[in-house]
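Here are the chains, one letter per residue:
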Amino acid sequence: MNTVKVSIIENDAVRAQALLQALRDGATSGFDLTPPDDFAAADLVVMSKAQANRLLLLEAQVEAEAERRAEERTIELAQAIEILREQVRETQLVEQEIRQKNRELAMLNAIPAAVSTSIDLSEVLLVLKQQLSQQLGVPGGSVYLFDSQQNSFLLRESWGMSDDVLPRVQKFAGHLFPA
């Protein structure tokens, strides 16, 4: 003989007993009443329509609360992801700036090394011009040497300047640049 576990949740004990008796009368199996708080162990749960409605309402409220919390957490996570993306972008920009500064420092360190290998001024100025234009990307410039006899700066090397500008920048008076 199989036993069916029945949990009865009913305010009206007489109706619950009548239902249980009807089940017993028409069944070929036995019944075992379980406490109302042990629904999981019951094979059959008997309750009033009002109680069933309350249970369904409670279940809907729990589900709605779970969905609300899931939506809130999803929004929080999306915001956290966006903050992390922004931090990654900022870090990449800083890293790019550091790489650029390192290239510039390497070039600036290379100038004295290149200049010290020669005592020929023309060769030194050529190396300086190449380093400035190629390594630092300086599009144009000029190098002047001071002539103490004339008290002026004379153009010695230039690059990236148009031919019409060169005659106007050949010489600057020394008094324009006080010591």
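Residues numbered from 1 in each chain as written. Predicted model: local features only at pLDDT ≥ 70, side-chain atom pairs only at ≥ 80, totals over all residues. Heavy atoms only, no water.

Moving on to the overall build of the protein. Of the regular secondary structure elements, the protein holds three helices and six strands. Within the protein, the fraction of its 179 residues that count as buried is 18%. Excluding contacts between residues fewer than 6 apart, the proportion of contacts in the protein whose partners are at least 24 apart in sequence is 50%. Per element, the accessible surface of the protein, about 13500 Å² overall, is 57% carbon and sulfur. (Helix = DSSP H or I, 4+ residues; strand = E, 2+ residues; numbered from the N terminus. Buried < 20%, exposed > 50% of the residue type's maximum accessible area, 1.4 Å probe, protein only. Contact = heavy atoms within 4.5 Å. Areas by Shrake-Rupley, 256 points an atom, 1.4 Å probe, with all protein chains shown as cover.)

This paragraph deals with the pairing of strand β4 (residues 141–147). With seven bridges connecting them, β4 and strand β5 (residues 152–159) associate as antiparallel partners. Counted as the bridge partner of Y144 is L155 from β5. Connecting β4 to the antiparallel partner β5 that follows it, the hairpin turn spans four residues, and N151 within it adopts a positive phi of roughly 50 degrees. (Pairing = 2+ DSSP bridges.)

Within this structure, the stated rule accounts for eight salt bridges. Taking the shortest distance from any N to any O, the salt bridge between R89 and E82 comes out at 3.1 Å. Notably, a salt bridge pairs K129 with E157, separated by 3.2 Å at the nearest N-O pair. Linking K129 in helix α3 (residues 121–135) with E157 in strand β5, this pair joins segments that are 28 residues apart in sequence. With relative accessibility at 19%, the residue K129 sits in the buried group. Each of E65, R68, R69 and E72 takes part in salt bridges that share partners, so that together they form one network. (Salt bridge = Lys/Arg side-chain N within 4 Å of Asp/Glu carboxyl O.)

Moving on to a negative patch on the surface. On the surface, E59, E63, E67 and E71 cluster together into a negatively charged patch. With respect to the helices, strands and loops of the structure, E63 is situated in helix α2 (residues 49–116). (Patch = residues over 30% accessible without salt bridge, like charges linked within 9 Å, V, L, I, M, F, W, Y side chains within 5 Å. Lys, Arg positive; Asp, Glu negative; His and termini not counted. Charge placed at Lys NZ, Arg CZ, Asp CG, Glu CD.)

With six residues, the main nonpolar core is built from M107, I111, L125, L132, V143 and W159. Apart from the residues within four sequence positions on either side, L132 is in contact with M107, G137, V138 and W159. (Core = buried A, V, L, I, M, F, W, Y, C linked by side-chain atoms within 4.5 Å.)

This brings us to the environment of G137. Along the chain, the position of G137 falls in the loop between α3 and β4. Residue classification places G137 among the partly exposed residues on the basis of a relative accessible area of 47%. On a C-alpha basis, the gap between G137 and E104 in space is 9.8 Å, while along the polypeptide they are 33 residues apart.

Let us look at the packing of aromatic side chains. In total, this model carries one aromatic pair according to the counting rule given. Between F146 and F153 the ring centres are 5.0 Å apart and the planes differ by 55 degrees, which places this aromatic pair in the tilted class. The partly exposed category is assigned to F146, whose relative accessible area is 46%. Accessibility expressed as a relative area gives 22% for F153, which makes it partly exposed. (Phe/Tyr/Trp six-rings, centres within 6.5 Å; stacked < 30°, edge-to-face > 60°.)

Right, let's talk about α3 for a bit. Its 15 residues give α3 an end-to-end C-alpha distance of 20 Å, which sits within 8% of 21 Å, the value for a rise of 1.5 Å per residue. Among the residues making up α3, those that are buried are V124, L125, V127, K129, Q131 and L132. Looking one or two places after α3, you find G137, whose phi comes out positive at around 70 degrees. (Expected span 1.5 Å × (residues − 1).)

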